[in-house]
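Structural description and commentary
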Amino acid sequence: MKIKFVGTSNANPHPGRSQTCIHVEANGLGHVLDCGDGAATKLWLDGDIDWSCLRALLVTHLHPDHASGAFALLHLLHQRARENPSWGIHDREAFKLCVPDGKGAHRFTQVLGALHVDRDMLAYNLNYEYYRAGMVFTAGGLKITAYPTSHCEDAHSLCLEAEGKRIVFSGDLAEPAEITEHAGGADLLICECAHFHPRQLVPELAAMRASHYVITHMHDDLLADPEATESLFLPLTKAGKVTLAQDGLVLEL
Ligand SMILES: [Zn+2]
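Residues numbered from 1 in each chain as written. Predicted model: local features only at pLDDT ≥ 70, side-chain atom pairs only at ≥ 80, totals over all residues.

**Describing the overall build of the protein**
Looking only at helices and strands, the protein features seven helices and 14 strands. By the compact-globule yardstick of 18 Å for 253 residues, the protein fits well, its C-alpha radius of gyration being 17 Å. Along the first, second and third principal axes, the C-alpha set of the protein runs to 50 × 35 × 35 Å. Sequence-distant contacts in the protein: of pairs separated by 6 or more residues, those separated by 24 or more amount to 60%. (Helix = DSSP H or I, 4+ residues; strand = E, 2+ residues; numbered from the N terminus. Rg over C-alpha atoms; globule rule 2.2 N^0.38 Å. Contact = placed C-beta atoms within 7 Å.)

**What about the pairing of strand E12 (residues 212–218)?**
A large share of E12 lies buried, amounting to six of its seven residues. One crossover worth recording links strand E11 (residues 188–193) to the parallel E12 by way of helix H5 (residues 198–206), and it is right-handed. Where E12 meets strand E13 (residues 241–244), four bridges bridge the pair, whose relative direction is parallel. Within E13, the residue paired with Ile-215 across the bridge is Leu-244. (Buried ≥ 20, exposed ≤ 12 C-beta atoms within 10 Å, placed from the backbone. Right-handed = clockwise from strand over helix to strand, strands pointing away. Pairing = 2+ DSSP bridges.)

**Thoughts on the sheet that holds strand E9 (residues 155–162)**
Strand order across the open sheet formed by seven strands is E7-E8-E9-E10-E11-E12-E13, with mixed pairing between neighbours. Looking at which strands have only one partner, the edges of the open sheet turn out to be strand E7 (136–139) and E13. Sheet twist, expressed as the mean angle between neighbouring strand axes with direction ignored, is 25°. On top of the sheet, helix H7 (residues 226–233) reaches E12 and E13; it is set at about 155° to E13, its chief contact. (Axes fitted to C-alpha atoms, helices over the stretch in contact; angles between N-to-C directions.)

**Focus: the environment of Ser-157**
Tracing the chain through its elements places Ser-157 in strand E9. Distance from Ser-157 to Asn-27, taken between C-alpha atoms, is 22 Å for residues 130 residues apart in sequence. Residues contacting Ser-157, with those up to four places away along its chain left out, are Tyr-147, Thr-149, Val-168, Phe-169, Ser-170, Gly-171, Ile-179 and His-182.

**Considerations on the nonpolar core**
Grouped together as the largest cluster of nonpolar side chains are 74 residues, with contacts concentrated most on Leu-57 and Leu-189. Sequence-distant contacts of Leu-189, defined by excluding residues within four places in its chain, comprise Val-168, Ala-183, Leu-205, Met-208, Ala-210 and Tyr-213. (Core = buried A, V, L, I, M, F, W, Y, C linked by C-beta atoms within 7 Å.)

**Quick word on unusual backbone geometry**
The backbone phi angle of Asp-34 is positive, close to 65°, even though this residue is not glycine. Positionally, Asp-34 belongs in strand E3 (residues 29–35). The phi torsion at Glu-163 lies on the positive side, around 50°, for a residue other than glycine. Structurally, Glu-163 is set in the loop between E9 and strand E10 (165–169).

**Some words on the sheet that holds E3**
What holds strands together in a sheet is hydrogen bonding between their backbones, with the strands either parallel or antiparallel. Reading across the sheet, the seven strands line up as E6-E5-E4-E3-E2-E1-E14 and stay open at both edges, with mixed pairing between neighbours. In the strand order of this sheet, the two ends are held by strand E6 (126–131) and strand E14 (250–252), each with one partner. Within this sheet the neighbouring strands show an average axis-to-axis angle of 20°, counted without direction. Here strand E4 (residues 54–58) pairs with strand E5 (residues 95–100) via three bridges, running parallel. Opposite Ala-56, over in E5, you have Lys-96 as the bridge partner.

Given below as structure tokens:
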């Protein structure tokens, strides 16, 4: 698997960072994990991302810094698909929009219609997956399990499996302990740090014994002082490799 951190900001704009977005290449297909403001543009301009392989957008929760770029992504994929009639998503395959089930999901799909990017308006097949806590489903080349968090209504962490590897993405959490139920032994554990201090998060993450930790979606105070932030996460390096995410970071599993 190849993982590219397209957007690593928190909900506020930061120079050089778009809002949350991760591109996961697995089994020869592309998957977008959250798509906040600015992220669709970044994906479009990224010469390394093959749009013909895009098969899914997985949204952890419906806050704008995780989901507002979805409309632009669906529209840009329409532009590219229209120019490329041989792409599989025109007929035999589809692009899957995966959103947490609930009242928000249905309002979200109504907005798709208002913005002319609903299923019957696009040059490609668009399928919806309304996922729920505990549900296991597939999208593109990934097997996905959803775990609830109490960050907001219908918020989830997602566990992605492919090619014998397991990635856990925290989404947004109400507290660090919410990531611990399902992240043990992950090959890659991607965790936000916008809603609590690293001193609360580090012990919980260390107990997970992940091979590699990536900290993203960091609080303003952490982004303002990278050296101090690095030292706050130093204790976690005893448990596994630690990387503080920046836009453009690429990892291979
Ligand atoms: Zn967020």
